[in-house]
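What follows is the residue order along each chain.
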Amino acid sequence: MTLDIDLTTQDALKKTVAQAAVDYTLGKINIDSIVGIGTGSTANFFIDLLASHKNKFRGAVASSEASERILKHHGIEVYDLNSANEVAIYIDGADETNQYLELMKGGGGALTREKITAAVAQEFLCIADESKWVEHLGNFPLPIEVIPMARSHVAREVVKLGGDPVYRQGIITDNGNVILDIHHLHPIASACAMEEKINHITGVVTNGIFAIRPADILLLGTKDGVKTLYPAKR
């Protein structure tokens, strides 16, 4: 599904799906719960809407320093993941999602911390507007977080996989690394295989394919309302 959506409409869809995510989350948590919060515009709408319910859960783990600042601005206590016993639910957006709820993420540069938080969470809730729905991942450039000294090596290895790596100039991740955006991988036939293959390149921290640990549920904001989707069976 490829849609042309003006930004005003897209923001409205993001706000609608963010509110649906708040409603869903409140039904899953209690006063002792730690909530995982993602990064990006849709996640920011979620944080803003969740703030009025901050007395209903203990605090949050943030997937980026940017999200941490917004959470603290709203008076929500932020925990280091190492000090959180468990994360009840992780809520985050996506740059692409398919019917299996495999995701492409990392446009905002927080892919590593997002992937770690998703791995720890008991449930991964993805929130997105309908422009992010695709048949196959890969039209959006695939972000790869890379140790700086390995940038050229990783780029050469990615070319062997058919990708066209572009160094994201002037961007340093919260972990002190750099990002390569990989173009021309579309369509990615097997997201799990590609995720594994790239992660095995020496110098790669991780890549923005979330297929080995996909989302458990997707709230998709559409012009016809919010759709609740679960991974399709293969």
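Residues numbered from 1 in each chain as written. Predicted model: local features only at pLDDT ≥ 70, side-chain atom pairs only at ≥ 80, totals over all residues. Heavy atoms only, no water.

**Topic: the sheet that holds strand E1 (residues 34-37)**
- The sheet built from six strands is open, its strands ordered E2-E1-E3-E6-E12-E13 with mixed pairing. In the strand order of this sheet, the two ends are held by strand E2 (59-62) and strand E13 (225-229), each with one partner. Ignoring strand direction, the axes of neighbouring strands in this sheet form an average angle of 20°.
- Bridge count between strand E12 (residues 217-222) and E13: five bridges; the pairing is antiparallel. When the sheet's bridge partners are listed, Leu-218 is paired in E13 with Leu-229.
- Against the sheet, helix H2 (residues 41-50) contacts E1, strand E3 (89-92) and strand E6 (124-129), and its axis sits at roughly 150° relative to E1. (Pairing = 2+ DSSP bridges. Helix = DSSP H or I, 4+ residues; strand = E, 2+ residues; numbered from the N terminus. Axes fitted to C-alpha atoms, helices over the stretch in contact; angles between N-to-C directions. Contact = heavy atoms within 4.5 Å.)

**Side note on a nonpolar patch on the surface**
- Where nonpolar side chains cluster on the molecular surface, the patch consists of Ile-147, Met-149 and Val-205 and spans about 310 Å² of accessible area.
- Position of Ile-147 relative to the elements: it lies in the loop between strand E7 (142-146) and helix H5 (151-160). (Patch = residues over 30% accessible without salt bridge, like charges linked within 9 Å, V, L, I, M, F, W, Y side chains within 5 Å. Areas by Shrake-Rupley, 256 points an atom, 1.4 Å probe, with all protein chains shown as cover. Salt bridge = Lys/Arg side-chain N within 4 Å of Asp/Glu carboxyl O.)

**Description of the nonpolar core**
- Ile-37, Phe-46, Ile-91, Leu-125 and Ile-127 are the most contacted members of the largest nonpolar core, which totals 24 residues.
- Sorting the residues of this core by element identifies helix H1 (7-26), E1, H2, E2, E3, E6 and E12 as the ones contributing at least two each.
- Top element by residues in this core is H1. It accounts for five residues.
- Each residue touching Phe-46, except ones within four places of it in the same chain, is listed here: Ala-18, Ala-21, Val-22, Thr-25, Ile-37, Ile-91 and Ile-127.
- Counting 22 residues, the second-largest nonpolar core is a separate cluster that includes Ala-150, Val-158, Leu-185 and Ala-211. (Core = buried A, V, L, I, M, F, W, Y, C linked by side-chain atoms within 4.5 Å. Buried < 20%, exposed > 50% of the residue type's maximum accessible area, 1.4 Å probe, protein only.)

**A few points about the packing of aromatic side chains**
- With the rule as written, the count across this model stands at one aromatic pair.
- Ring geometry for Tyr-90 against Phe-124: centres 5.2 Å apart, planes inclined by 40°, an arrangement best described as tilted. One end of the pair, Tyr-90, is in strand E3; the other, Phe-124, is in strand E6, and 34 residues separate them in sequence. Comparing Tyr-90 with Phe-124, the two get one shared label, buried.
- Across from the ring centre of Tyr-79, 5.0 Å away, lies the NZ or CZ of Arg-58, which sits over that ring.
- Sitting above the plane of the Phe-210 ring, Lys-105 keeps its charged end 5.5 Å from the centroid. (Phe/Tyr/Trp six-rings, centres within 6.5 Å; stacked < 30°, edge-to-face > 60°. Lys NZ or Arg CZ within 6 Å of the ring centre and 35° of its normal.)

**A word on the state of the cysteines**
- Summed over all chains, the structure comprises zero disulfides.
- The cysteine Cys-126 is free of any disulfide, with Cys-192 supplying the nearest cysteine sulfur at 16 Å. (Disulfide = S-S within 2.5 Å.)

**Points about the confidence of the model for the chain**
- In the predicted model, the chain carries a mean pLDDT of 95, and the fraction of residues at 70 or more is 97%.
- Segment residues 1-5 is flagged for pLDDT under 50; beyond a separation of four residues in sequence, or across chains, it makes nine contacts in the model. (pLDDT = per-residue confidence, 0-100.)

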